[in-house]
Amino acid sequence: MLLMLVMGMSAQVKKSWDFTAGLSDETIENLIADATHWAENGNDADGNVNNWKNIGKPDASSYLMANGVVIPETMGLLIDIGSNKDNSIHLATTKMRLTRKGTTITFPKLANGQTVKIVGRSANSSATNRGIAPVQSHLVFQAEESSPQTGGACIFLGNQVEGSEGTYTFVWKVVTEETDSVDVQFQLTPDAGIDFTLFQIDEGDAPEVHDAQKVAYLYSGSLDDDYAYAFLSGDSRFALTEVNVDATEENATSLREYEAVVISPTIGAGSAFLPVIAATIAYVPTLNLNPYLYEPLGLGKAVASGTNVLTVLDAENATFEGLDVAEGLELLTEGSITGVETGDYFAADKVLANAGEVTAIHLHNANRNAYMLVPLPLDVMPLANFDNIAQLIPQALQTVTDTKQAVKAVSKPTINVKQENGYSVVSLSANFSNKIYYTLDGSDPTTESTVYAEPFTLTQNTTVKAFGVGDGYDPSEIVSKDVVIMTQAAAPVIAVAREAGQSTVTITCPSEGTTVYYSFHQTTTATEAVAYSEPVVLTEPATIYAFAQGGEFLTSEVIGKFVGVDGFDANTVRWDIMAHFDANADDWKGKGQQTDDSGNIINANYLFTWGKNAGLYYDTNSIKEVVVGSEGQDSIIYNPLPPETLVGGDWVCKSTGQVMTWESLNLGYNIGDTSMRNPDAAEDAIGVNDSIGITPNALTFGKQPSDGPFNASLETVAKWQAPFDVIVYAGNGNEGQIPTMQIEVSADGETWTKLGDINYSLIKRNWKRTKVSYEGNDQVYVRVLHTAAKSSGQIYDIYVMNNGEKSKQYAEDVLDGITTLTPAGNIVRTEIFTANGARISTMAKGINIIRRTYANGAVKTYKVVVK
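Cut-offs and rules
Residues numbered from 1 in each chain as written. Predicted model: local features only at pLDDT ≥ 70, side-chain atom pairs only at ≥ 80, totals over all residues. Heavy atoms only, no water. Helix = DSSP H or I, 4+ residues; strand = E, 2+ residues; numbered from the N terminus. Buried < 20%, exposed > 50% of the residue type's maximum accessible area, 1.4 Å probe, protein only. Contact = heavy atoms within 4.5 Å. Areas by Shrake-Rupley, 256 points an atom, 1.4 Å probe, with all protein chains shown as cover. Core = buried A, V, L, I, M, F, W, Y, C linked by side-chain atoms within 4.5 Å. Polar contact = N/O pair within 3.5 Å; in protein donor to acceptor, adjacent residues only side chain to side chain. Expected span 1.5 Å × (residues − 1). Pairing = 2+ DSSP bridges. Salt bridge = Lys/Arg side-chain N within 4 Å of Asp/Glu carboxyl O. Phe/Tyr/Trp six-rings, centres within 6.5 Å; stacked < 30°, edge-to-face > 60°. Lys NZ or Arg CZ within 6 Å of the ring centre and 35° of its normal. pLDDT = per-residue confidence, 0-100. Axes fitted to C-alpha atoms, helices over the stretch in contact; angles between N-to-C directions.

Engineer: Can you walk me through the overall build of the chain in this structure?
Structural biologist: Counting its secondary structure elements, the chain contains nine helices and 63 strands. Across the 867 residues that make up the chain, the buried fraction comes to 48%. Summarising the internal contacts of the chain: among those between residues at least 6 apart in sequence, 71% fall at separations of at least 24. Surface summary for the chain: the accessible area is close to 40000 Å², and the carbon and sulfur share equals 46%.

Engineer: What is the right way to read the environment of Ile 415 from this model?
Structural biologist: Here Ile 415 is to be found in strand β29 (residues 414-420). Residue classification places Ile 415 among the buried positions, given a relative accessible area of 6%. A sequence separation of 51 residues divides Ile 415 from Ala 466, and the C-alpha atoms of the two residues are 8.1 Å apart. Residues within four places of Ile 415 in sequence aside, it is in contact with Val 426, Ser 427, Leu 428, Val 464, Val 479, Ser 480 and Lys 481.

Engineer: Sorry, what's going on with the nonpolar core here?
Structural biologist: Soluble globular proteins tend to pack their nonpolar side chains together in the buried interior. Of all hydrophobic cores here, the largest spans 61 residues; its most connected members are Phe 107, Phe 196, Phe 199 and Leu 428. Leave out the neighbours within four places in its chain, and Leu 428 touches Thr 414, Ile 415, Ile 436, Tyr 438, Tyr 452, Phe 456, Val 464 and Ala 466.

Engineer: Can you walk me through the side chain of Ser 503 in this structure?
Structural biologist: Tracing the backbone through its elements, the reader meets Ser 503 in strand β38 (residues 502-508). With relative accessibility at 0%, the residue Ser 503 sits in the buried group. Among the polar contacts listed, one links the side chain of Ser 503 to the backbone oxygen of Gly 564, at a separation of 2.6 Å. Aside from chain neighbours lying at most four places away, what touches Ser 503 is Val 496, Ala 497, Arg 498, Val 536, Val 537, Leu 538, Val 563, Gly 564 and Val 565.

Engineer: Even after reading the chapter, I still don't get helix α6 (residues 386-401), so can you show me in this structure?
Structural biologist: Along an α-helix, residues three or four positions apart point the same way, because every turn accommodates 3.6 residues. Here α6 is 16 residues long and its end C-alpha atoms lie 22 Å apart, about the 22 Å a rise of 1.5 Å per residue gives. Burial in α6 covers these residues: Asn 388, Ile 389, Leu 392, Ile 393, Pro 394, Gln 395, Ala 396, Leu 397, Gln 398, Thr 399, Val 400 and Thr 401. With a side-chain oxygen lying 3.2 Å from the backbone nitrogen of Asp 387, the N-terminal cap of α6 falls on Asn 385.

Engineer: I tried to follow the sheet that holds strand β42 (residues 542-549) on my own but got confused; where do I start?
Structural biologist: Working definition: the strands of a sheet are paired by backbone hydrogen bonds and lie parallel or antiparallel to each other. If you trace the four strands from one edge of the open sheet to the other, you get β40-β39-β42-β44, paired in antiparallel fashion. At either margin of the open sheet sits one strand with a lone partner, and together these are β40 (530-531) and β44 (559-563).

Engineer: What should I look at first to understand the pattern of salt bridges in this one?
Structural biologist: Two side chains carrying opposite charge are able to pair once their charged atoms lie near each other. Evaluation of the coordinates by the stated rule reveals 21 salt bridges. A salt bridge links Lys 654 to Glu 715, with the shortest nitrogen-to-oxygen separation between them at 3.2 Å. Residue Lys 654 is found in strand β49 (residues 651-655), and its partner Glu 715 is found in strand β52 (residues 713-716); the two are separated by 61 residues along the sequence. Residues Asp 680 and Lys 768 are paired through a salt bridge, measuring 3.3 Å at the closest nitrogen-oxygen approach. Within this pair, whereas Asp 680 is found in the loop between β50 (660-664) and β51 (697-701), its partner Lys 768 is found in strand β57 (residues 767-774), the two being separated by 88 residues in sequence. Members of the salt-bridge network, linked through shared partners, are Glu 540, Arg 574, Asp 725, Arg 769, Lys 771 and Glu 775.

Engineer: Looking at this structure, I do not really get the side chain of Asn 711. What am I missing?
Structural biologist: Within the fold, Asn 711 resides in the loop between β51 and β52. In this structure the side chain of Asn 711 is engaged in a polar contact, spanning 3.4 Å, whose partner is the side chain of Ser 655. In this structure the side chain of Asn 711 is engaged in a polar contact, spanning 2.7 Å, whose partner is the backbone nitrogen of Thr 656. Setting aside its immediate chain neighbours within four residues, Asn 711 contacts Lys 654, Ser 655, Thr 656, Gly 657, Gln 658, Pro 705, Leu 785 and His 786.

Engineer: Which parts of the structure should I look at to understand the environment of Ile 798?
Structural biologist: As for its position among the elements, Ile 798 is in strand β59 (residues 793-802). The exposure class of Ile 798 is buried, given its relative accessible area of 1%. Along the primary structure Ile 798 and Asp 582 are separated by 216 residues, whereas in three dimensions their C-alpha atoms are 6.7 Å apart.

Engineer: So what exactly am I meant to see when it comes to the packing of aromatic side chains here?
Structural biologist: Tallying each qualifying case throughout the model produces 30 aromatic pairs. Here the aromatic rings of Phe 107 and Phe 186 are separated by 6.0 Å at their centres, their planes lie at 90°, and the arrangement is edge-to-face. Taken together, the residues span a long stretch of sequence, with Phe 107 in strand β9 (residues 104-110) and Phe 186 in strand β16 (residues 182-188) at a distance of 79 residues. The two residues Phe 107 and Phe 186 agree in class, both being buried. Between Phe 724 and Tyr 774, the ring centres sit 5.7 Å apart and the planes meet at 50°, which makes this aromatic pair tilted. Taken together, the positions of Phe 724 in strand β54 (residues 724-732) and Tyr 774 in strand β57 put the pair 50 residues apart, joining distant regions of the chain. Across this residue pair, the class does not change: Phe 724 and Tyr 774 are buried. Connected via pairs of aromatic rings, a cluster forms that spans Trp 17, Phe 19, Phe 107, Tyr 168, Phe 170, Trp 172, Phe 186, Phe 196 and Phe 199. Taking NZ or CZ as reference, Lys 214 lies 4.8 Å from the ring centre of Tyr 258, over its face. The ring of Tyr 473 carries Arg 368 above its face, with NZ or CZ at 4.1 Å from the centroid.

Engineer: Sorry, what's going on with unusual backbone geometry here?
Structural biologist: If a residue is not glycine, its phi is most likely negative; likewise, a peptide bond is most likely trans. Put simply, Thr 189 and Pro 190 share a cis peptide bond, and its omega is 0°. As for its position among the elements, Pro 190 is in the loop between β16 and β17 (194-201). A cis amide bond links Ala 722 to the next residue, Pro 723, at an omega of 5°. Its identity is not glycine, yet Lys 109 carries a phi of approximately 60°, on the positive side. With respect to the helices and strands, the residue Lys 109 is situated in strand β9.

Engineer: Teacher, can you tell me more about the environment of Glu 750 here?
Structural biologist: Within the fold, Glu 750 resides in the loop between β55 (739-746) and β56 (753-757). With relative accessibility at 65%, the residue Glu 750 sits in the exposed group. With 31 residues separating them in the primary sequence, Glu 750 and Tyr 781 have C-alpha atoms 9.9 Å apart.

Engineer: What is the right way to read the confidence of the model for the chain from this model?
Structural biologist: As a note on interpretation, predicted positions should not be read in detail where pLDDT is low. The predicted model of the chain averages 85 in pLDDT, with 85% of residues at 70 or higher. Scored below 50 in pLDDT, residues 1-10 shows 12 contacts in the model against residues more than four places distant or in partner chains.

Engineer: Just to check I follow, could you spell out the sheet that holds strand β41 (residues 536-538) for this structure?
Structural biologist: What the three strands build is an open sheet, ordered β37-β38-β41; its pairing is antiparallel. Two strands close off the open sheet at either side, each with one partner strand: β37 (493-499) and β41. Each adjacent strand pair in this sheet contributes to an overall mean axis angle of 25°, direction not counted. One ladder, built from seven bridges, connects β37 with β38; its direction is antiparallel. Note that in β38 the partner of Val 496 across the bridge is Val 505.

Right under this line is the structure:
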């Protein structure tokens, strides 16, 4: 109901979205609890999760939600990721990242004259195409300085691009004649991957007006000599409650009801109230004026500085606002400031000011229920510079009071179990914890139980119980998990029966109660394999892999066996790559030729000048003539230009008006899975574990001209000596119907002979393998041609393969099992991929996968990390 009321208002209520302000504890707890819609995506230096990514597609008609609750940090924004799904939205404690192009952000209910400010930076340090553009015409760009633009989009250049500082601020103004408010929408284009830090309407939200903040002033004896009390009690921002620790019923729990606590220098080192003070630090914002309490509290010790002047190290901190600190801040008119030598608890604190070489003012737990020391013990109080402390003390109290948050519990620990053959390794983690206590005997853990330090090994069935504690957090709930010790299933046994033109594979497993899975892509993931139910028949040589899992067993090791087929030998098998097309980004992405009037590329993923709009007549220089027919009917004669071409490596793409697009598809191997780009059947993955593989991108053959046929093709630049095989990995661009594409050869590039049709799945973007053979003895070009369709065709890879040096090493007694061909001869091809499988031209920072192909057909893959 609240959401409906907010969205039904006639004007935008929320006006600021500062993503650098972090996520509330409540939001973090809801993100953690909602594993259906959000997944962990990163940790801070302390190991706490500080970044989450979406799972599935959020409802574009409502605000983002987690655990059934509207996320307050994004309330007021409508974010539509379009057809994208997982990993499109990242919510972090310092930013919001939107990763998918086409994503829209809507600011509902804005009026004429209002402005929208957007601040952000590219998530890629070298990108030049990460941008945002208004969808409606009633937004006018208002930037004071010129900014990079592409086709109307404002671009966030990566900070490694020459002339870029990385972070950009863009402002638009609403200009409309509508009397009612209008919805304002922006779209990520031409590409996405932008870290947003601020959205702001007009001047943003007005500062919150606070009532006087309720502060407990802890003291002992009398306040007559405590001048700090006098300054604070006269400040209208605070409502002080005097709490005499010598005669009070206040405790650590009741003190949480206050906005802050001040520790007066009147409290001595022998006070019986010190345990309560110790239990208050980090749970209630606290300002301590007495450095002499550090030693009895076990927090360090007081140290004389020998100076009366503070050296301020963080002049931007609000504590020093309005004070002249450039040459030092006089805290005492004379004498020596008593600072502290902090112990382990405060060791990592931010020091705001020193007195000489001694810590004087430090801030602990700066973002929630902070603690600060400002040293003004009673023995130097009369020597204080009253002009300075009259401003310093209230501002210090305001600084810590502003961090007040309700105390939350540490997240319930996660008990992670990695099962091995005959033992299990257990690890524990909990957000916001600095210690986790656990037991292995079934009893509930306490703070006297074992402290978790590192993963531990169990060799018998055990109940693990654990809870976490954290600085400024209540203890977590106790969680429990039964760890069961399992043994590994026996490896499957693969048997092969040879027949004329085929081989029949039978797979069994000695471990009863298990299910055997097989694949042609080495894996132990059940979704990437097929449950064995009947013998597998092969008509070409291939390596089949099998593993067993289920019952009371852990997954077995994966076993591979090369299966030979009669009719194939070292003289007939074709394993040597002559030509290879892959839809790599270097050759095909960013080669788009569709430009605006200024010559800017409109969309770099379209290959030809007509972009996404198919048409037989694609150029203004085309000639159109009208001829009067013999029976009085007009005929139209067209004189089109030759087909447009785009060359990438050893291949050329041709089209006369048909749309072609480069796409990144993130291929997977979950057989038959409709949620991603996966193999349609197990047999479609034949070859991907050997020297050939599948590229996670595609060239998509799209719309044909409305007044012309399908005509796009992908052809070899050179002729290749036959005989050879052509292997194509292709996916369907849509659902339910398939494109018609065929593989052809030609001796002259004009007259083409069909070898066969390309196989397609009925499942959108799932891929299938097609193999055809050309048995001629001449040299020919090879192409794939789009001839008819009710769907678009996506080509991932094409291999032209003959019988060469690698093929000559075919020997079934050697290949019976998983084998490695020793590299020999010169390196004929070097390919570089990112950790995600995207092909790149040069090594980039991070993990690079290098794949080298040698003259004998052997392939060597290794990893290089660039720092």
